[in-house]
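# A structural walkthrough
So the chains spell out like this:
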Amino acid sequence: MKKRIEALAITVCILALMIGVLFVVFTYNERSTPQAVNGNLDLTKWNFAKEGPVPLNGQWDFYPNKLLSYQQLSADNDPDTLSIPGNAYQKMHALGAFTYVLHIKISDIKSVYGLKTSSIQMANRLIVNGLTVGQSGRPAEHEGYWAKNKPYASYFTLHRGWNTIMIQVANHDLIGSGGINGSVYFGRAGQIAGLYNKALAYDWIIVVSFLIVGIYYISLFMKRKKDHSLIILGLTCIFVSIGKATSGERIFYDLFGSTPFWLYYRLQILSVVWMCITLLLYLQKEFQTFCSKWLIKCCIGAGSLITLAVLGFIGHVLVNFCFSLVTVYLMFIFLYATYVFLLAMFHRRSGSVYLVVAAVSIDTYVLAQRASVYFSFPIYKLSSFDPLIFLLILALLLSLRFANDYQKINDLSERLIKNDQLKDEFLVRTSHEFKSPLHGIMNISKSMMNDSEHPLSTEQKKSLGLITHISRDLSQLVYDILDFSKLKQGILVVKPEPVDVQTTVDVLVRIHEYRAKERGIQLLNLVPEHLPSVYADEVRFGQIISNLLDNAIKHTMNGRVEVDATIQEEHIELVVHDTGDGIDIQELPLIFEPFLSLDSSDEQKGVGLGLSIVKQLVELQNGEIRVSSEKGKGTTFRITLPIAQSDAVRNDYEWANEKEPDYRFPTPLFVNRSGKSTVLIADDNFANLKILIDALQPLDCDVIAVKNGREALEQIEQTRVIDLAILDIRMPELSGYDVCQHIREKYMPAELPVLMVTAAIEPRDKVATLEAGANDFLTKPFDRSELKARISSLLNMKHSFRKALDMEVAFLQSQIKPHFLFNALNSIAALSYTDMGASRKLITHLADYLRGSFQFSNIQKCVPFSQEMHLVRTYVAIEKARFKDRIHIEYAIDEQLDSIKLPPLLIQPLVENAIRHGISKREEGGRVKVSAFVAGEDYVIKVEDNGVGMPRERFDQLEKRTDSERGVGLKNISSRLKYEYGTELNVQSEPEKGTCISFRIPAE
């Protein structure tokens, strides 16, 4: 309350100060001028050159209700008098026409003189010595009357002595007012012209300045439509401009000369009222806490009533009353605005000091305007500083607002940038935290779906499948967010190198085939095989294709997705086309925006990161991406990337800042043929082959290096034993996936481990690698220590597998079959009664057989061929003692094989199988032939019988049996052959005709 009282007191003081200042300005150094008496004014002693123009104030002859001509003037000798300036309504209380006459006496007749009028209501004609020299409107008693109260200047010559000035006036519009309300100035032509031009310039400056500022504020509002204070201030300035144009010199008529008086008069009053209303609205908008709501509403209501009155019946109201009412309303509003601004200043409101200064300046201007109306003060004699100060303050206020807004925006931008960084950090951390739970959900769901002990219903499996699908999509989203964060921060680095397009696309098509089949989509790789390599980052190039394929499959159902590529000058254009839903043409520019999804269905809706990442990755690799689409017919993405030049520098995976040497050598390359293990490495990048060779040498490995998948398969098909295959996924002709799948058709993961070297970083790429049959994978760029560790681990696994096979042989062979031992002892007992020598010999054979079964050489890698054959002969001797002549054994052994070594228990189990499962099933018995010979570079060992034979299905069952009937199974033999020599059992059998089992051993 104290601040309100202080503000009110200061407002009153400002009003008093302004009145005092204006009074001093208007009366200071006021000179005494001649006054007209009874219609006569003697100016012979007035020095025009020194003292300037003179106001023709005083008593003029007044002829009410008459428009006298110059000729009629001398006939009427009984005029009345009226003081000028003054209201003619005090002499005649009705509308009509009247005439003013003044006789002036001068002595200087050499100069041209002039008159300047101020306000003569409502139409007038100026006659000097019978000659009409000026006119505003058309004064008439009745017909022909045209109201136009426009000040003007007229120029004429006079004769020595008395001269007559007549002013014909007519007023048929304003009740209670009329006549010469402002001083008429008389002087030399130059002085009058200067006075008139000064008055015009003053008005034009005010009108144009306020109009420009008003239009500027309104224009700003068109750009910032939420800031209503701008249009309010703009309208206020425009109403000030209109008010000034319709007062003073009334330059409104210079612009719109044919405006009817009723419209002009209403604009003159309403511009003042509306100016007050807009000022009140500004106070309510910007200073609501410092205003009285009810007072604002009352003042706006009063202004509205005045507006209605002016529009409806202003012509029936006394002019003085109307002007007094508007003046009171105007002064009260502006003084109240000054009070509000002062109160805001006391509360340290930003910009309120400027507004106080603006309020004081405009208050001074308004007060001066009102004074000129009521007291005929020539306002143009004042400087135009007050309104210009007001406009300057408005400009400063606007600049302050802009400066504050800029500062707020700057602060907000900094906060947003910080929040955006925090958001990115949050997304990254959250994404990392989501990885494990999402993979856990997928793994648990898959384990539940594949649980044979607790089978699920069809609906439950469908629900778990949906959970797995959603989890997989969320997992992909996690990786997209991580990539997008890196791209946004500019920390994602690409390492361009020549990349084979056909192989890369082929690998990715294979990865996406399972999902395409689920949606009934035909996924085609149409990229030519011999297309030049593209110069791009292998990882990011694959990610680009993968995202486009994923997008195409997502928006296609029962259609076709094609990937093609062509050469375009020095670039390769990759095209991904689908026959899916298509995109509206107006939405095409938006598809690369991040976090924007144009999908309408809930099933397909995503966060819209994939295509945004694609665009940024393409542009990051000096490429270009374009898209074309037709709704309902499909979409085509075209990616253009540079072709890899022959001298393109490839990045070393271990030393990114060093230029790698151009390693090229003929393949296959065999390195260190005396190592403990043999490793096959396949990569189309010779630098990678060199790195792998260097890493394998300290591990005492034989290395076979090849440059593509076909060469890798050729080496695997040969008899040479390979302990480990290291394959690059993206190789020309045959990818690592293809090679791995061919390996798994012949070898189990423990028999021939496969290590995939891949630049892929996405989970689905790694999953596809493992699903193809790989034992492990290593992501490029790899660390040498990690590479060695993984190679050593897989080689140790292979050696452990070999030891397990050997231990299995020793264990199974040591498990003496009870029925075999029982039968052998019965045979010995029977022979002891008939043939003691044969009984002793059979005991010796049994002892040799048992010694061979229990000896520790069975867990050794190799035994002499003669030892293996001795075991065969002891077994056969025992069986012949039982079956007598039902068993016939033939041996065809090449003497060259006596010096070789081979894994133990390879031949005896085959002979045992031929006797027990072949000829023993025949009542008449049969023949078993054991052959060993040299065939080319291999030793061939063959066991034949003419027994019952067996179908292929029966052989498969025997091959899988490991400890059935406590013998060494065919599976064990086959596994050891694969491990030692890369060969396997060759079985030929026909029911009722016999069986032939053979195998090959590479010659040393």
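This text follows the structure it describes.
A brief report on the enclosed structure follows. (Residues numbered from 1 in each chain as written. Predicted model: local features only at pLDDT ≥ 70, side-chain atom pairs only at ≥ 80, totals over all residues. Heavy atoms only, no water.)

The next thing to look at is the nonpolar core. The biggest cluster of nonpolar side chains holds 92 residues, and the ones touching the most others in it are Leu 283, Phe 287 and Phe 341. Per-element accounting of this core gives the leading share, 18 residues, to helix α8 (residues 319-346). Apart from the residues lying within four places of it in its own chain, the contact partners of Phe 287 are Tyr 282, Val 340, Phe 341, Ala 344, Arg 349 and Leu 355. Formed by 68 residues, the second largest nonpolar core is a distinct cluster that contains Ala 516, Val 614, Leu 617 and Ala 712. (Core = buried A, V, L, I, M, F, W, Y, C linked by side-chain atoms within 4.5 Å. Buried < 20%, exposed > 50% of the residue type's maximum accessible area, 1.4 Å probe, protein only. Helix = DSSP H or I, 4+ residues; strand = E, 2+ residues; numbered from the N terminus. Contact = heavy atoms within 4.5 Å.)

On to the state of the cysteines. By the definition in use, this model includes 0 disulfides. The thiol of Cys 299 is not disulfide-bonded; the next cysteine sulfur, from Cys 298, is found 6.9 Å away. (Disulfide = S-S within 2.5 Å.)

Assignment of secondary structure puts Lys 116 in strand β6 (residues 113-116). A sequence separation of 76 residues divides Lys 116 from Ile 192, and the C-alpha atoms of the two residues are 6.4 Å apart. Within polar-contact distance, the side chain of Lys 116 engages the side chain of Glu 249 at 3.1 Å. (Polar contact = N/O pair within 3.5 Å; in protein donor to acceptor, adjacent residues only side chain to side chain.)

So, about the pattern of salt bridges. Applying the stated criterion to the full structure yields 21 salt bridges. Close ionic contact of Lys 244 with Asp 203 constitutes a salt bridge, the shortest N to O distance being 3.0 Å. Here Lys 244 is found in helix α4 (residues 228-245), whereas its partner Asp 203 is found in helix α3 (residues 189-223), with 41 residues between them in sequence. You'll find Lys 244 and Asp 203 in the same group, each marked buried. With its nearest N and O atoms 2.5 Å apart, the salt bridge here joins Glu 619 to Lys 615. Here the residue Glu 619 and the residue Lys 615 both occupy positions in helix α14 (residues 610-620), the gap between them amounting to 4 residues, near one helical turn. (Salt bridge = Lys/Arg side-chain N within 4 Å of Asp/Glu carboxyl O.)

For the rest of this paragraph, the subject is helix α7 (residues 293-313). Each α-helix turn comprises 3.6 residues. Residues three or four places apart therefore point the same way. An ideal rise of 1.5 Å per residue puts 30 Å on 21 residues; α7 measures up with 30 Å between its terminal C-alpha atoms. Among the residues making up α7, those that are buried are Leu 295, Ile 296, Cys 299, Ile 300, Gly 303, Ile 306, Thr 307 and Val 310. Buried residues of α7, seen end-on, are gathered within an arc of 130° and therefore sit on one face of the element. Opposite the packed face of α7, turned more than 90 degrees from it, sit the exposed residues Lys 293, Trp 294, Lys 297, Leu 305 and Leu 308. Residues of α7 that are buried in the fold lie against α6 (261-286) and α8. (Expected span 1.5 Å × (residues − 1). Arc of directions from axis to C-beta.)

What follows is about the side chain of Ser 229. The topology assignment puts Ser 229 in helix α4. Among the residues examined, Ser 229 registers a relative accessible area of 0% and is labelled buried. Within polar-contact distance, the side chain of Ser 229 engages the side chain of Asp 227 at 2.5 Å. A distance of 3.3 Å separates the side chain of Ser 229 from the side chain of Glu 286, its partner in a polar contact. Apart from the residues within four sequence positions on either side, Ser 229 is in contact with Tyr 282, Lys 285, Glu 286 and Arg 401.

At their nearest, the axes of α6 and α8 sit 10 Å apart, and the two run at 20° to each other. By the angle between their axes, α6 is roughly parallel relative to α8. Note on packing geometry: the crossing formed by α6 with α8 is left-handed. Here Tyr 265, Gln 268, Ile 269, Val 272, Val 273, Met 275, Cys 276, Ile 277, Leu 279, Leu 280, Tyr 282 and Leu 283 of α6 come into contact with α8, specifically with Val 319, Cys 322, Phe 323, Val 326, Tyr 329, Leu 330, Ile 333, Phe 334, Tyr 336, Ala 337, Val 340 and Phe 341. (Axes fitted to C-alpha atoms, helices over the stretch in contact; angles between N-to-C directions. Parallel < 35°, antiparallel > 145°, perpendicular 65-115°, else oblique. Left-handed = near helix turned anticlockwise from the far one by under 90°.)

Let us look at the sheet that holds strand β21 (residues 669-671). Ordered by their spatial adjacency, 6 strands build an open sheet running β21-β23-β22-β24-β25-β26, and the pairing between neighbours is mixed. Taken across any chain shown, the strands that pair with only one partner, and hence form the sheet edges, are β21 and β26 (776-779). Geometrically, the sheet is characterised by an average inter-axis angle of 20° between neighbouring strands, direction not taken into account. (Pairing = 2+ DSSP bridges.)

Let's shift gears to the environment of Ile 467. Tracing the sequence through the fold places Ile 467 in helix α11 (residues 458-489). Residue Ile 467 is classed as partly exposed on the basis of its relative accessible area of 37%. Taking the C-alpha atoms as reference points, Ile 467 and Ile 441, 26 residues apart in sequence, are found 7.9 Å from one another.

Working note: regular strand, side chains alternate between the two faces of the sheet. Counting buried positions along strand β20 (residues 634-642) yields 8 of 9 residues, so the element is predominantly enclosed. With 8 bridges joining them, strand β18 (residues 571-578) and β20 adopt antiparallel strand pairing. Paired with Val 575 across the two strands is Arg 638, which belongs to β20. Both strand β19 (residues 624-630) and β20 contribute to a ladder of 7 bridges, which runs antiparallel. Among the inter-strand pairings, Ser 629 is bridged to a residue of β20, identified as Thr 635. Hairpin remark: β19 followed by β20, antiparallel, with 3 residues in the connecting loop; positive phi at Gly 632, about 85°.

What follows is about unusual backbone geometry. In this structure, Pro 85 follows Ile 84 across a cis peptide bond, with omega equal to 0°. Relative to the assigned elements, Pro 85 resides in the loop between β4 (80-84) and β5 (96-106). Along the chain, Gln 121 connects to Met 122 via a cis peptide bond; the corresponding omega equals 0°. Summarising the element assignment, Met 122 is placed in the loop between β7 (120-121) and β8 (123-128). We note that Asn 38 has phi near 55°; this positive angle belongs to a residue other than glycine. Along the chain, Asn 38 turns up in the loop between α1 (2-27) and β1 (40-42). The backbone phi angle of Asn 622 is positive, close to 60°, even though this residue is not glycine. In this structure, Asn 622 sits in the loop between α14 and β19. The exposure class of Asn 622 is exposed, given its relative accessible area of 64%.

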